[in-house]
Amino acid sequence: MSEKKKWYEYAGDDSDVIVSTRVSVARNLKDHPFVWRMRAAERKAVLRTVISAVQDEHLSIAGLFSCTLMEELTKTQAVSLAERGVVSPEFIAKCEGKALLCSEDESISIAVNGGDHLLLSAMRPGLDLDGAGSAADTLESVLSRVLPFAFDREFGYLTADPANLGTGMHAELTMHLPGLARAGSLSRVASGLAQLGLSLREGVGAESGAELYRLSNRVTLGISEQEATFNLKSMAYQVVMQERAARKTLCQPIENQDRIFRCLGVLQNARILPLGEFMECFSNVRLGIAQQMFSAGPAMDAMAPLMMRAQPATLTLLAGRSMTAAERDAARADLVRALWKGEKGKESY
């Protein structure tokens, strides 16, 4: 069991609206075909090359990462990684020939043989594009000394997806937008952002009313990482201001206040808590915390770890045993009640 706190257990700037920041950089090795064209032997060759480079004792990142061969994981372990945002759901769809190199706090990772040979990712709580961007850029710079990345003078870094040509950098903010969502304003906001080369789309738990959305850059060709980051940050501040204004209006009617407090009561007292009901209540209670509607209870920085630990696979790992859906619903209710009682939950991924 690791005692080191995960990156998502810390508070971040503007965390009332912005849950997290991710900056990812896609890179491919020169003289190797793209992943989708590689045979098993070629995948293994890339794996050996990347793992050897990351573990090079002469590099500043030596000892930073633990290495996990994805095909050695159980399905529950792999799904939990996706639930916690360490890898994408697509990455775990087929684990053969893939590896994950990850820091202890899960803030920095390298996914090998996913869509590209390497996907370097840095995560930070709240709004921290500078911090996440710097971490991803530093990792890329260190690895570029020992790994020959595929680069073209005209097109920049070569990627499997033409949409990522150029910088290969993808920055994404996970945002909690109940105010804009319930005001029916998200389509208008998304349309305006699209004209500026940004994308706003539904995030985790969208089907269950979590009201989490992902704001990201769409343009990587003909623009520097600094320009892309500046544009995203500028527009993020605009969305944050609109969301905060919408929340003030949303929380004025007593009917909406009642809904928030009822959800608080569910999380405090439920003995059975299905995932969909949890995510809907989670969104309302997170809103209530942000608006300082409760006189006592967990702070905002407790909400992100709660959401991750309440997901099915991660909840199963925490329990240390296989569970039926009904048993997971009961365990989820226990987990949530313990948070409101101030009890420390166990961690073991």
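Scroll up to find the structure.
The structure reproduced in this document is the subject of the present report.

Parameters and conventions
Residues numbered from 1 in each chain as written. Predicted model: local features only at pLDDT ≥ 70, side-chain atom pairs only at ≥ 80, totals over all residues. Heavy atoms only, no water. Buried < 20%, exposed > 50% of the residue type's maximum accessible area, 1.4 Å probe, protein only. Helix = DSSP H or I, 4+ residues; strand = E, 2+ residues; numbered from the N terminus. Pairing = 2+ DSSP bridges. Axes fitted to C-alpha atoms, helices over the stretch in contact; angles between N-to-C directions. Contact = heavy atoms within 4.5 Å. Parallel < 35°, antiparallel > 145°, perpendicular 65-115°, else oblique. Nonpolar A, V, L, I, M, F, W, Y, C, P; charged D, E, K, R; others polar. Phe/Tyr/Trp six-rings, centres within 6.5 Å; stacked < 30°, edge-to-face > 60°. Lys NZ or Arg CZ within 6 Å of the ring centre and 35° of its normal.

Concerning the pairing of strand β1 (residues 18-27)
Thinking step 1. Burial runs high along β1: 10 of the 10 residues are buried.
Thinking step 2. In this sheet, strand β8 (residues 169-176) lies alongside β1 in antiparallel orientation, the contact comprising 7 bridges. Of the residues in β8, the one forming a bridge with R22 is E172.
Thinking step 3. Pairing geometry for β1 and strand β5 (residues 118-125), over 8 bridges, is antiparallel. If you follow V23 over to β5, its bridge partner there is A122.

Re the sheet that holds strand β2 (residues 66-69)
One key point about sheets: their strands pair by backbone hydrogen bonds, in either a parallel or an antiparallel sense.
Thinking step 1. With antiparallel pairing, 8 strands are arranged side by side in an open sheet as β2-β3-β4-β5-β1-β8-β10-β9. The strands lining the two open edges of the sheet, one partner per strand, are β2 and β9 (198-202). Across the sheet, the mean angle from the axis of one strand to that of its neighbour is 20 degrees, orientation sign disregarded.
Thinking step 2. Strands in contact with helix α3 (residues 129-144) are β1, β4 (108-112), β5 and β8; relative to β5, the strand with the most contacts, it is inclined by about 150 degrees.
Thinking step 3. Lying on the sheet, helix α6 (residues 225-250) is in contact with β1, β8, β9 and β10 (212-217); it crosses β8 at an angle near 10 degrees.

Overview of the packing of helix α10 (residues 312-319) against helix α11 (residues 325-340)
Thinking step 1. Where α10 meets α11, the closest approach of the two axes is 10 Å, and the angle between their N-to-C directions is 80 degrees. With respect to α11, the axis of α10 lies roughly perpendicular. Of the residues in α11, those touching α10 at P312, L315 and T316 are R328, A331, R332 and L335.
Thinking step 2. By residue class, the composition of the contact of α10 with α11 is 4 nonpolar, 1 polar and 2 charged.

Re α10
Thinking step 1. With respect to burial, α10 is a largely interior element, 6 of its 8 residues being buried.
Thinking step 2. The set of residues buried in α10 consists of A313, T314, L315, T316, L317 and L318.
Thinking step 3. Contacts from the buried residues of α10 go to α2 (75-83), α9 (303-309) and α11.
Thinking step 4. Phi for G320, located one or two positions after α10, is positive at around 75 degrees.

Points about the packing of aromatic side chains
Pairs of aromatic rings are described using the distance from one ring centre to the other and the angle between the two planes.
Thinking step 1. Counted by the stated rule, this structure contains 4 aromatic pairs.
Thinking step 2. Relative to Y157, the ring of F151 has its centre 4.9 Å away and its plane inclined at 70 degrees; by these criteria the two rings are edge-to-face.
Thinking step 3. On the basis of relative accessibility, which here comes to 22%, the residue Y157 falls in the partly exposed class.
Thinking step 4. Ring centres 5.3 Å apart and planes at 85 degrees place the aromatic pair F261 and F294 in the edge-to-face group. Here F294 lies in the loop between α8 (275-290) and α9 and F261 lies in helix α7 (residues 254-269), a separation of 33 residues in the sequence.
Thinking step 5. Exposure remark for F261: the relative accessible area of 39% places this residue in the partly exposed category.
Thinking step 6. Geometry around Y10 places K5 over its ring, the cationic atom sitting 4.4 Å from the centre.
Thinking step 7. Positioned above the aromatic ring of Y157, the side-chain terminus of R27 is 3.5 Å from the ring centre.

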